[in-house]
Amino acid sequence: MRKFRLTLIAFSLFGLAAIAAPRINSNVTGNAAAPVARPDQPGTLSVWGDDSAHQITDAPTGEFRAIAKGGAFQGLAIRSDGTLVLWGGYNDPLAVPPVPGAIAGDEFDSVAIGRSHALARRPDGSVVGWGNNSAGQLNVPSNVRFDAITAGNSHSLGLAEDG
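A few points on the structure.

Calculation criteria
- Residues numbered from 1 in each chain as written.
- Predicted model: local features only at pLDDT ≥ 70, side-chain atom pairs only at ≥ 80, totals over all residues.
- Heavy atoms only, no water.
- Core = buried A, V, L, I, M, F, W, Y, C linked by side-chain atoms within 4.5 Å.
- Buried < 20%, exposed > 50% of the residue type's maximum accessible area, 1.4 Å probe, protein only.
- Helix = DSSP H or I, 4+ residues; strand = E, 2+ residues; numbered from the N terminus.
- Pairing = 2+ DSSP bridges.
- Axes fitted to C-alpha atoms, helices over the stretch in contact; angles between N-to-C directions.
- Polar contact = N/O pair within 3.5 Å; in protein donor to acceptor, adjacent residues only side chain to side chain.
- Contact = heavy atoms within 4.5 Å.

Time to look at the nonpolar core. By size, the foremost hydrophobic cluster in this structure holds 16 residues, and its most contacted members are L84 and W130. Those elements that provide at least two residues to this core are β5 (63–70), β6 (74–79), β7 (84–88), β8 (110–113), β9 (117–121) and β10 (127–131). Residues A112, L119, L138 and A151 belong to the second largest nonpolar core, which totals ten residues.

In space, the three strands of this open sheet follow the order β8-β9-β10, with antiparallel pairing throughout. Strand pairing shows two members of the sheet lacking a second neighbour, β8 and β10, which therefore form its edges. The sheet shows a mean angle of 15° between the axes of neighbouring strands, direction not considered.

Let's shift gears to the side chain of T83. Mapped onto the fold, T83 is located in the loop between β6 and β7. T83 sits in the buried class, given a relative accessible area of 13%. One polar contact links T83 to D81, side chain to side chain, over a distance of 2.6 Å. Contact partners of T83, with chain neighbours within four places excluded, come to A77, I78, A104, G105 and D106.

What follows is the structure, given as structure tokens:
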């Protein structure tokens, strides 16, 4: 397994924090809600369980490169052409709003979704976010390129490309 020296950057209302990570594995893992990516081998989406916010009823069809679950009742995915699709959240006052039109046709390679905000990473490492920014969770550093992103309830994190 390849190892890289990466810098972890957290952004929130209180500013940025950068932590140099000694040597960590390149396949960062998380809990059961962690994003799943298969960029070279897209697959179909299966959704099951609670459908109280249309997270099953509104689930998209087609082939996808990556998926992420977030908030209480939403899903976010990257279609095989690199575009984003967000679903669920019906009647949830904190739901992430639809993908903004300004980025709807852009290509992305990873996604993350928090309680009421979402992040998407472009192939060049730049990150865009939308939704609730009450704690600064969308204040993505514009001068940093990221290898990986994730989102919490009201904060966001990224592993910066360091070389």
